[in-house]
Amino acid sequence: MPLPYSDIVMEHFRNPRNVGRIEDADAKAVEGSPACGDMVAVYLKVDEATHRIEDVKFESYGCASNIATGSIITELAKGKTLEEAKQITWQQASEALGGLPPIKAHCSVLAVDGLRAAIQNYEEKHGLIKERVPTTEEEIRRRLKHVMNPMVGLDLVRTKLVREIRLENGQVRIVIDLPPDHQFASNIREEIREKIEPLWDVESVEVEFTG
Ligand code: FES
């Protein structure tokens, strides 16, 4: 049975550009797809003066469509300013790939969301966010949906590991329902910090494990 993919998709799937991680990245993000549970990580190096993307890499735990889209959008984003790169849409990516089966649209959305989240991560770290909305518990919970529970490959919220979120005067306290000596406790703590600390009005993040 022929694969439902264009030649361009297959070419990018077999030889994806910009795959890997940037160890000293200026920004990074991991996004998960609510549709299929797959994940993509995007890393950026950005020129501080011009805000131009000097380098961008991605790691995909998704399917061929996701890998091909990651490949094409990183090609499109490289050399662009953050503002320009934010305008890249999954429709553009899909067009550049010669089309994707409709059932695979969420895979390219995931890749584009990963790029946008990495840009947002950079903007937050560098005080570039224009509309500064005060952080709420909802926003913290939304971000925790992007931290994976490595035991099952789903996020912390969906796997009901978040026991408590407290936010008071810029101090955030998150209680995770796992023993403190759990093998993934330090990874999870680090990932939570990476997601929550860049918020402009958050001063400290305390992650406690009780289980
Ligand atoms: Fe999950 Fe394509 S099916 S990324």
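Scroll up a little and you will see the structure.
Residues numbered from 1 in each chain as written. Predicted model: local features only at pLDDT ≥ 70, side-chain atom pairs only at ≥ 80, totals over all residues. Heavy atoms only, no water.

Let's talk about the overall build of the protein chain
- What the protein chain contains, in helices and strands, is seven helices and eight strands.
- Counting only C-alpha atoms, the protein chain reaches 50 × 45 × 25 Å along its principal axes.
- The buried share among the 211 residues of the protein chain stands at 44%.
- A total of about 11,000 Å² of accessible surface is found on the protein chain, and carbon and sulfur atoms cover 50% of it.
- Counting 27 positive and 36 negative side-chain charges, the protein chain places the centres of these two groups 3 Å from one another. (Helix = DSSP H or I, 4+ residues; strand = E, 2+ residues; numbered from the N terminus. Buried < 20%, exposed > 50% of the residue type's maximum accessible area, 1.4 Å probe, protein only. Areas by Shrake-Rupley, 256 points an atom, 1.4 Å probe, with all protein chains shown as cover. Lys, Arg positive; Asp, Glu negative; His and termini not counted. Charge placed at Lys NZ, Arg CZ, Asp CG, Glu CD.)

Things to note about the packing of helix α1 (residues 7-14) against helix α2 (residues 64-77)
- The contact between α1 and α2 brings their axes to 8 Å, and the two run at 85°. Comparing their axes, α2 and α1 come out roughly perpendicular. Every residue of α2 that contacts α1 at Val9, His12 and Phe13 is listed here: Ala64, Ile67, Ala68, Ser71 and Ile72. (Axes fitted to C-alpha atoms, helices over the stretch in contact; angles between N-to-C directions. Parallel < 35°, antiparallel > 145°, perpendicular 65-115°, else oblique. Contact = heavy atoms within 4.5 Å.)

Some thoughts on the side chain of Glu123
- Mapped onto the fold, Glu123 is located in helix α5 (residues 105-125).
- By relative accessible area, which is 8% here, Glu123 ends up buried.
- For Glu123, the contacting residues outside a window of four places in its chain are Glu83, Lys86, Leu128 and Ile129.

Quick notes on the environment of Ala41
- Here Ala41 shows up in strand β2 (residues 39-46).
- Judged by relative accessible area, which is 5%, Ala41 ranks as buried.
- Note: C-alpha distance between Ala41 and Ser60 (19 residues apart in sequence) is 6.4 Å.
- Apart from residues lying up to four places away in sequence, Ala41 is in contact with Ala29, Val30, Lys57, Phe58 and Glu59.

Considerations on unusual backbone geometry
- The residue Asn18 is not glycine, and still its phi comes out positive at about 60°.
- Structurally, Asn18 is set in the loop between α1 and β1 (27-32).
- Overall, the relative accessible area of 12% leaves Asn18 in the buried class.

Examining the nonpolar core
- If you look at the biggest cluster of nonpolar residues, it comprises 31 residues, and the most contacted ones within it are Leu44, Ile53, Ile73 and Leu115.
- Only α1, β1, β2, β3 (53-60), α2, α3 (82-86) and α5 provide two or more residues apiece to this core.
- In terms of residue count, α5 provides more of this core than any other element does, eight residues in total.
- Excluding anything up to four places from it in sequence, Ile53 contacts Leu44, Lys45, Ala77, Lys78, Gly79, Lys80, Leu82 and Ala85. (Core = buried A, V, L, I, M, F, W, Y, C linked by side-chain atoms within 4.5 Å.)

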